[in-house]
Amino acid sequence: MIELRELSPEDGIDIYNMLQEIGPGENGFFNDGYKYPFDNFYEYLLDNYNASRGIELKLGHVPQTTFWLIVDGQPIGIAKLRSYLNYALRESGGHIGYSIRPSERNKGYGKILLKEALSKAKDIGIKEVLITCNEGNLGSRSVIEANSGKLEVIKEGLCKYWIKLSE
Ligand SMILES: CC(C)(COP(=O)(O)OP(=O)(O)OC[C@H]1O[C@@H](n2cnc3c(N)ncnc32)[C@H](O)[C@@H]1OP(=O)(O)O)[C@@H](O)C(=O)NCCC(=O)NCCS
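Residues numbered from 1 in each chain as written. Predicted model: local features only at pLDDT ≥ 70, side-chain atom pairs only at ≥ 80, totals over all residues. Heavy atoms only, no water.

Novice: Break down the site of the ligand for me, citing the residues and quoting the values.
Specialist: Contacts to the ligand come from 20 residues, most closely from Tyr98, Ile100, Asn106, Gly108 and Gly110. Contacts to the ligand include Arg105, whose side-chain N or O atom sits 3.4 Å from an oxygen atom. Residue Asn106 places a main-chain N or O atom 2.7 Å away from an oxygen atom belonging to the ligand. Expressed as a share of its isolated accessible area of 930 Å², the protein-covered part of the ligand is 71%. Put simply, the parts of the chain that give the shell around the ligand at least two residues each are strand E6 (96-100), helix H4 (109-123), strand E7 (128-134) and helix H5 (138-146). Residue contributions to the shell around the ligand peak at 5 residues, all from H5. Residues belonging to the shell around the ligand are distributed by class as follows: 6 nonpolar, 10 polar and 4 charged. (Near = heavy atom within 4 Å. Polar contact = N/O pair within 3.5 Å; in protein donor to acceptor, adjacent residues only side chain to side chain. Areas by Shrake-Rupley, 256 points an atom, 1.4 Å probe, with all protein chains shown as cover. Helix = DSSP H or I, 4+ residues; strand = E, 2+ residues; numbered from the N terminus. Nonpolar A, V, L, I, M, F, W, Y, C, P; charged D, E, K, R; others polar.)

Novice: Please provide a residue-by-residue account of unusual backbone geometry, values included.
Specialist: The phi torsion at Asn106 lies on the positive side, around 65°, for a residue other than glycine. Inspection of the secondary structure puts Asn106 in the loop between E6 and H4. Despite not being glycine, Glu156 has its phi angle at roughly 50°, a positive value. Structurally, Glu156 can be placed in the loop between strand E8 (150-155) and strand E9 (158-164).

Novice: A description of the sheet that holds E6 should follow, citing residues and the corresponding values.
Specialist: Whether parallel or antiparallel, the strands of a sheet pair through hydrogen bonds between backbone atoms. One open sheet accounts for 4 strands, arranged E1-E4-E5-E6; its pairing is antiparallel. Both edges of this open sheet fall to strand E1 (2-6) and E6, since each of them pairs with a single strand only. Across the sheet, the mean angle separating the axes of adjacent strands is 20° when strand polarity is ignored. Judged from the 5 bridges that link them, E1 and strand E4 (residues 64-71) form a sheet pairing that is antiparallel. Paired with Glu6 across the two strands is Phe67, which belongs to E4. Running at roughly 150° to E6, H4 makes contact with E1, E4, strand E5 (74-82) and E6 of the sheet. (Pairing = 2+ DSSP bridges. Axes fitted to C-alpha atoms, helices over the stretch in contact; angles between N-to-C directions. Contact = heavy atoms within 4.5 Å.)

Novice: Tell me about the sheet that holds E8, and name the residues and values.
Specialist: In space, the 3 strands of this open sheet follow the order E7-E9-E8, with antiparallel pairing throughout. This sheet does not close on itself; its edge strands, each paired only once, are E7 and E8. Neighbour-to-neighbour, the strand axes of this sheet turn through a mean angle of 20°, independent of strand direction. In terms of strand pairing, E8 meets E9 through 5 bridges, oriented antiparallel. Paired with Lys155 across the two strands is Leu158, which belongs to E9.

Novice: I'd like to hear about the pairing of E4, residue by residue, with values.
Specialist: Remark: a regular strand shows side chains that alternate across the two faces of the sheet. The buried fraction of E4 amounts to 8 of the 8 residues, a majority that puts the element mostly inside the structure. Burial along E4 is two-sided: the face carrying Gln64, Thr66, Trp68 and Ile70 and the face carrying Thr65, Phe67, Leu69 and Val71 are both buried. Pairing geometry for E4 and E5, over 8 bridges, is antiparallel. Bridge pairing links Val71 to Gln74 in E5. (Buried < 20%, exposed > 50% of the residue type's maximum accessible area, 1.4 Å probe, protein only.)

Novice: Mind laying out the pattern of salt bridges, listing which residues take part and the relevant values?
Specialist: Counted by the stated rule, this structure contains 6 salt bridges. Close ionic contact of Lys155 with Glu91 constitutes a salt bridge, the shortest N to O distance being 3.8 Å. Of this pair, Lys155 sits in strand E8 while Glu91 sits in helix H3 (residues 87-91), placing them 64 residues apart in sequence. (Salt bridge = Lys/Arg side-chain N within 4 Å of Asp/Glu carboxyl O.)

Limitation: the analysis is restricted to geometry and does not speak to function.
Structure below.
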């Protein structure tokens with residue numbers, strides 16, 4: 001049983017533990033959940049819940065929804081979906097960022113996570129999704145290409161991929 005579940009202020013220790021395992025982030029993916037002690041985890045959840053609704057956005061940020069990939073009840077990965085692009089995201093960041101917890105990598109979950117995130121992007125009316133990825137991040141490039149990503153350009157070591165979402 002696989003689902004991409006939206007972050008909720010009610011999320012608990014299982015999600016927290018996954019974020020600790022993912023660590024501060026890598027390859028351009030930033031995990032802001034990592035820095036919180038569990039006692040303050042609610043603050044992280046509430047900030048991100050609000051960010052999804054455009055409430056108290058940080059300067060220069062667009063609304064962003066956080067999702068968990070849940071497989072048989074266990075959290076496996078995280079995806080962030082930005083509602084639209086601004087100049088900075090067009091250059092680096094794109095619409096979707098994701099990470100799979102290290103203990104669950106290389107099992108096909110990255111591809112599944114992106115497929116599910118694309119379906120959420122379609123639900124909010126995005127027609128074409130931009131994903132940026134370091135040139136040397138071969139795992140992520142495989143994930144994007146398996147989801148019909150078309151490489152537009154590689155500039156200063158950063159790949160820009162576009163994925164057209166069907167009508
Ligand atoms: C990138 C990432 C999401 C891939 O997740 P995953 O669950 O391991 O991916 P999958 O198991 O679906 O693997 C996809 C493919 O990439 C390949 N792959 C995975 N890691 C790889 C690596 N380090 N080098 C080369 N190929 C790799 C897999 O073998 C698989 O190949 P296949 O297409 O032949 O089957 C995961 O490594 C991760 O979270 N990395 C850190 C954060 C990150 O880089 N996010 C993306 C930012 S753009």
